[in-house]
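Here is what each chain is made of, one letter per residue.
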Amino acid sequence: ILTAFVIIFKNSLATSLRYKIIPAYKNQQQFENLRFALTVISGIFLGIVVSISSVGAGAIGTAVLFILYPNYPAVKIIGTDLAHAVPLTAVAGLGHFSQQHVSLPLLSGLLIGGIPMVYLGSQLGKKLSDRVLRVIIATMLFSLGIKLALQ
């Protein structure tokens, strides 16, 4: 639910943070160094969270990237987050596979349904405007968050 709000209000959040954080630094390069450090710290946090809960690489990672990189278009944030999520979840998945925590029939069904749709989704994502894509993502995340919260 929080990620949905971050996606919708990313510009105002980023502007607020920029006015509160950048003045503390003497130049833009110092701020860029801070932003890179925060990105690395986010990666550390997401690595831990993904391996123990499978939540994070998408929902939390996207929100963090929208805040840290507000001038990036949504499709670039999503693409970067996915490129990050693949090796992250692959390592976590291999760890769980080695401990026999993976259901092969369930995994097969997910891959058969999911792999073709990844291509279709990426093609659709580049055709949608940034604003429409952000609204779609935020609506899905908000709906899922409410559904999980009310269970």
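Residues numbered from 1 in each chain as written. Predicted model: local features only at pLDDT ≥ 70, side-chain atom pairs only at ≥ 80, totals over all residues. Heavy atoms only, no water.

J.: Would you mind going over helix α6 (residues 104–127) in detail, with residue names and values included?
T.: Between its first and last C-alpha atoms α6 spans 35 Å; for 24 residues at 1.5 Å apiece the expected length is 34 Å, and the two agree. Roughly 30° is the biggest bend found in α6, and it falls at G114, with proline P116 one to four residues downstream. (Helix = DSSP H or I, 4+ residues; strand = E, 2+ residues; numbered from the N terminus. Expected span 1.5 Å × (residues − 1). Bend = angle between axes of the 7 residues up to and from the residue.)

J.: How would you sum up the confidence of the model for the protein chain? Please name residues and give values.
T.: Overall, the prediction assigns the protein chain a mean pLDDT of 83, with 91% of residues at 70 or greater. In the model of the protein chain, helix α2 (residues 10–21) stands out as the element of lowest mean pLDDT, 67, in contrast to α6, which has the highest, 90. (pLDDT = per-residue confidence, 0-100.)

J.: Account for the packing of helix α5 (residues 74–98) against helix α7 (residues 130–149), naming residues and giving values.
T.: Angle between the axes and distance between the axes are the two parameters that describe a pair of packed helices. At a closest axis distance of 8 Å, the pairing of α5 and α7 adopts a crossing angle of 50°. What the angle tells us is that α5 and α7 run oblique. Two secondary-structure elements touch here, α5 through A74, V75 and I78 and α7 through D130, L133, R134 and I137. Tallied by class, the residues present in the contact of α5 with α7 amount to five nonpolar, no polar and two charged. (Axes fitted to C-alpha atoms, helices over the stretch in contact; angles between N-to-C directions. Parallel < 35°, antiparallel > 145°, perpendicular 65-115°, else oblique. Contact = heavy atoms within 4.5 Å. Nonpolar A, V, L, I, M, F, W, Y, C, P; charged D, E, K, R; others polar.)

J.: Any details on the packing of aromatic side chains? Residues and values, ideally.
T.: Applying the stated criterion across every chain yields a total of three aromatic pairs. Residues F5 and F142 carry aromatic rings whose centres are separated by 5.9 Å and whose planes lie at 85° to one another, so their mutual orientation is edge-to-face. With F5 in helix α1 (residues 2–8) and F142 in helix α7, this residue pair connects regions lying 137 residues apart in the sequence. For the pair Y69 and Y72, a centre-to-centre distance of 5.2 Å together with 55° between the ring planes defines the contact as tilted. (Phe/Tyr/Trp six-rings, centres within 6.5 Å; stacked < 30°, edge-to-face > 60°.)

J.: Go over the pattern of salt bridges, please, and point to the residues and values.
T.: Summed over all chains, the structure comprises two salt bridges. Residues E32 and R35 are paired through a salt bridge, measuring 2.7 Å at the closest nitrogen-oxygen approach. Of this pair, E32 and R35 both sit in helix α3 (residues 28–53), three residues apart, which is roughly one turn of that helix. By relative accessible area, E32 is classed as partly exposed at 25%. For R134, the salt bridge is made with D130, and the minimal N-O distance between the two is 3.3 Å. With R134 and D130 both in helix α7 and four residues apart, this pair spans about one turn of that helix. According to the relative accessible area criterion, R134 is buried, its value standing at 13%. (Salt bridge = Lys/Arg side-chain N within 4 Å of Asp/Glu carboxyl O. Buried < 20%, exposed > 50% of the residue type's maximum accessible area, 1.4 Å probe, protein only.)

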